[in-house]
Structures are given as C-alpha cells and as structure tokens.
Amino acid sequence: MYKSRITARGYELDSYGHVNNAVFLNYFEQARWELFQDKGLLQHLTSSGLFLVVVEVNIRYQHEVKLGDELEISTTVRKDEPFIIFNQKMKLCSTGRPLARAKVKTLFVDKQRITHDIPSGIDPVFSV
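Residues numbered from 1 in each chain as written. Predicted model: local features only at pLDDT ≥ 70, side-chain atom pairs only at ≥ 80, totals over all residues. Heavy atoms only, no water.

(A) Up close: the overall build of the protein. Within the protein one finds 2 helices and 6 strands. Reading the protein from its N end, one meets helices and strands in the order β-α-α-β-β-β-β-β. Against the compact-globule benchmark of 14 Å for 128 residues, the protein has a radius of gyration of 15 Å, which places it among compact chains. With respect to the three principal axes, the spread of C-alpha positions in the protein is 45 × 30 × 25 Å. Within the protein, the proportion of its 128 residues that are buried is 38%. Once local pairs closer than 6 in sequence are excluded, the contacts in the protein between residues at least 24 apart make up 65%. Entry remark: accessible area of the protein is about 7400 Å², with carbon and sulfur atoms responsible for 48%. (Helix = DSSP H or I, 4+ residues; strand = E, 2+ residues; numbered from the N terminus. Rg over C-alpha atoms; globule rule 2.2 N^0.38 Å. Buried < 20%, exposed > 50% of the residue type's maximum accessible area, 1.4 Å probe, protein only. Contact = heavy atoms within 4.5 Å. Areas by Shrake-Rupley, 256 points an atom, 1.4 Å probe, with all protein chains shown as cover.)

Below, the structure is given as structure tokens:
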C-alpha cells in the first residue's frame, strides 16, 4: 500500500465552505502521480510513448473536507489486463475518519489513441 498526504487549500472550497466534490478526483490523481514518481516510473512512461488514461472512476464520498484538513490517501494497485486498477482510500489524518474511496480503472494508449497491453518495466507499481 502506498500512502501520500495532501492539505485542503482555500481555492478548492465551494460555496458551502468545504472542498468541492470534483476536487476529490484531483486528490486521488495526485496520489497516483506521486506513486509513479516515487517508484521511479515517470521517466519510463514518458520514454515509452504510452499514456496512462483513466477510463472509469467510481467514487464513494463519505464525509466533507474542510480548509486546512490534512488528508492521507492510501493506494493499492492491481492488474486486470489490459487495465490497471487503482483502489484508493482517503482519510483525515487527525482522526482517521474515512472521507472517500475510489476505484480508478486505467488503460495505456499511444499518441494515436490505440490501446496497448500493460508495458513491461512498470512492475514496481504493483508492489504497493
């Protein structure tokens, strides 16, 4: 399991004073980018000519996030050829309260938007 932290910022708030639900997508995506960066896979992806794209997202919102909240996102990854599935959970660092969970289905495509199998060399992402 890979863990990352994010702090809720003022410009992410909606008119109700809490983080807009669409921002949760950004938080989950940032955690995935950090995972690839920490595993040393960003350079591998950019040199492969392939792009990892999201094809399906399912989010379960559990509690609001407010300005300044420190969040922890836990990510696990599995293969389901040709897809990579990210299961992510967000919780409040101070209390451990669950805030949201997401299942994100991704797929590799090339510049012509042709789908590809999961390329070799990214296996470290599956060890989380």
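The discussion continues.
(B) Main features of the side chain of Glu72. Along the chain, Glu72 turns up in strand S3 (residues 70-80). The class of Glu72 is buried, set by a relative accessible area of 9%. Among residues more than four places away in sequence, those in contact with Glu72 are Lys3, Ser4, Arg5, Lys89, Met90, Lys91 and Cys93.

(C) Local environment of the pattern of salt bridges. Applying the stated criterion across every chain yields a total of 4 salt bridges. Glu72 is the partner of Arg5 in a salt bridge, and the nearest nitrogen-oxygen pair spans 3.8 Å. Remark: Glu72 occurs in strand S3 and Arg5 occurs in strand S1 (residues 2-7); sequence separation between them is 67 residues. Among the salt bridges present, the one from Lys91 reaches Glu72, with a minimum N-O distance of 3.5 Å. Of this pair, Lys91 sits in strand S4 (residues 83-92) while Glu72 sits in strand S3, placing them 19 residues apart in sequence. Within the structure, one salt-bridge network assembled from shared partners comprises Arg5, Glu72 and Lys91. (Salt bridge = Lys/Arg side-chain N within 4 Å of Asp/Glu carboxyl O.)

(D) Here's a closer look at the packing of aromatic side chains. Evaluation of the coordinates by the stated rule reveals 3 aromatic pairs. For the ring pair Phe24 and Tyr27, a centre distance of 6.3 Å and an interplane angle of 40° mean the geometry is tilted. Taken together, the positions of Phe24 and Tyr27, both in helix H1 (residues 23-38) and 3 residues apart, correspond to about one turn of that helix. Judged by relative accessible area, Phe24 falls into the buried class, the value being 3%. Geometrically, the ring pair formed by Phe36 and Phe86 is tilted, given 6.3 Å between the ring centres and 50° between the ring planes. (Phe/Tyr/Trp six-rings, centres within 6.5 Å; stacked < 30°, edge-to-face > 60°.)

(E) Summary view of a nonpolar patch on the surface. Side chains of Leu25, Val54 and Val57 sit close together on the surface and give an oily, nonpolar patch of about 220 Å² of accessible area. Here Val54 shows up in strand S2 (residues 51-61). Owing to a relative accessible area of 42%, Val54 belongs among the partly exposed residues under this scheme. (Patch = residues over 30% accessible without salt bridge, like charges linked within 9 Å, V, L, I, M, F, W, Y side chains within 5 Å.)

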